[in-house]
Amino acid sequence: TLTPPLSAICLLRTSMTLADVPDGATVFIDANIFVYHFTGVSPECKAFLERAERTTIRGTTGAHILLEVLHRLMMIEAVTKGLIPPSQPAKKIKQNWQVIQQLKDYDVRMSHFLKRTHV
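Calculation notes
Residues numbered from 1 in each chain as written. Predicted model: local features only at pLDDT ≥ 70, side-chain atom pairs only at ≥ 80, totals over all residues. Heavy atoms only, no water. Buried < 20%, exposed > 50% of the residue type's maximum accessible area, 1.4 Å probe, protein only. Helix = DSSP H or I, 4+ residues; strand = E, 2+ residues; numbered from the N terminus. Contact = heavy atoms within 4.5 Å. Salt bridge = Lys/Arg side-chain N within 4 Å of Asp/Glu carboxyl O. Polar contact = N/O pair within 3.5 Å; in protein donor to acceptor, adjacent residues only side chain to side chain.

Asks: Go over helix H2 (residues 31–39), please, and point to the residues and values.
Replies: Looking only at H2, the buried set comprises Ala31, Ile33, Phe34, Val35, His37 and Phe38. Lining the buried residues of H2 we find helix H3 (43–53), helix H4 (63–80) and helix H6 (105–116). Trailing H2 by a residue or two, Gly40 shows a phi angle of about 75 degrees, which is positive.

Asks: For the pattern of salt bridges, give the residues involved together with the corresponding values.
Replies: Taken as a whole, this structure holds five salt bridges when the rule is applied. In this structure, a network of salt bridges that share partners links the residues Glu77, Lys81 and Asp105.

Asks: Help me get a handle on the side chain of Arg51, residues and values and all.
Replies: Along the chain, the position of Arg51 falls in helix H3. A distance of 2.7 Å separates a polar atom in the side chain of Arg51 from the backbone oxygen of Val21. Residues within four places of Arg51 in sequence aside, it is in contact with Leu18, Ala19, Val21, Pro22, Asp23, Thr56 and Ile57.

Put into structure tokens, the structure is as follows:
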């Protein structure tokens, strides 16, 4: 049987969840999926990336997306650890760049993920 391309499936639906992505599909994964996964705020994003890890779906992304994810996770870690206030975190880190030396969790989590997945 022929399977329509994912773009055709999307056009037929008014809305689509991550769980609706069919097995075997190739999908581009944007930054929010990663950020929501790493921060634990979305079980759907976690399950979606687990599917990519198992190669049930083929996830692709760009280097610029991974850099954005690293940057956002770094900001979140700095705020969570109380190293900077939550308003304008990028500006605060730029003003106090030594904070970066105290951050490592964001890098360890992303490195671990990239080593075990095929994204």
